[in-house]
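Report on the structure
Next come the chains, spelled out residue by residue.
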Amino acid sequence: MRQRRGLLARLARVLALFALTLVAILVSAIVFFPFERLAPALAGWIEAETRIATRIGALDAGFGARGPVLEARDIQLTWPTGEQLSLGSLRVSPALSLAGLRGVPTLRVAGSAEFGAFDGVVSAERVEGDFKRFDFVALPPAWFGDAGSPLAGPVDAEVSFARLAEQWTGSAEIEGEDGSLALPGSPVAIPYEALKANLRLDEVGTLHVESVALSGPMVEAQAHGEV
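This report concerns the structure included in the present document. Small disclaimer: the values here were computed from a predicted structure and weren't measured.

1. Description of unusual backbone geometry
Of note in the backbone geometry, Arg51 takes a positive phi value of approximately 65° without being a glycine. Looking at where Arg51 falls in the secondary structure, it is placed in the loop between helix H2 (39–50) and strand E1 (53–64). Judged by relative accessible area, which is 63%, Arg51 ranks as exposed.

In structure tokens:
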């Protein structure tokens, strides 16, 4: 019996050493692999899938608290209509989700750019996370039509949206300061020192402005409605 226990102990040590060796090889492969060579191929794949011309300045990979991490930097996106968007960095890692069991990959995404930052979970069926210091004015003006962006000035937002069939539903809580808001029907944008808003998108595509509160040197106002 003692000899059998000794054999099992030696076998366990061998298996543990083998597992550690595999982990070391995997970590070394990820750390030292020249991922920058894959940047053009990844950019080409994104362009083929989205028709958005993509340039990636640098591409790296490593391990983080949530597992393997892929980071792209100095990203330039150009739409077929000519609008351009630049991202300083974009970090992507796997996210634990039951949707993965249904073949829907879910990613943890953290990105930063001149127009703001995002940290959250993204999939084809879900967008949930936090925007920080996000300024719509810094986005391509053509995205908002002739009227331009209704909201100017940096805001923080907590969003949670899910796709049911072909329709997105969900909610957003927005807070901002030192900006302006152009309400529907208003001839001019209203400047504010503080903004708080709760929005909800229902299953038929109606945007419910459940509450908007503005405070500033010119106005103290509250509003609600539908778009």
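There's plenty left to go through after this.
2. Quick notes on the pattern of salt bridges
Counted by the stated rule, this structure contains six salt bridges. Two residues, Glu71 and Arg91, come together in a salt bridge whose shortest N-O distance is 3.3 Å. Of the two residues, Glu71 is situated in strand E2 (residues 67–78) and Arg91 in strand E3 (residues 84–94); the sequence distance between them amounts to 20 residues. Judged by its relative accessible area of 19%, Glu71 falls in the buried class. On the accessibility criterion, Arg91 (38% relative accessible area) is partly exposed. Across the pair Arg108 and Asp119 runs a salt bridge, and its minimum N-O distance is 3.5 Å. Remark: Asp119 occurs in strand E5 (residues 116–123) and Arg108 occurs in strand E4 (residues 107–113); sequence separation between them is 11 residues. Of the residues examined, Arg108 reaches a relative accessible area of 24% and is grouped as partly exposed.

Reading the values: rules and limits
Residues numbered from 1 in each chain as written. Predicted model: local features only at pLDDT ≥ 70, side-chain atom pairs only at ≥ 80, totals over all residues. Heavy atoms only, no water. Helix = DSSP H or I, 4+ residues; strand = E, 2+ residues; numbered from the N terminus. Buried < 20%, exposed > 50% of the residue type's maximum accessible area, 1.4 Å probe, protein only. Salt bridge = Lys/Arg side-chain N within 4 Å of Asp/Glu carboxyl O.

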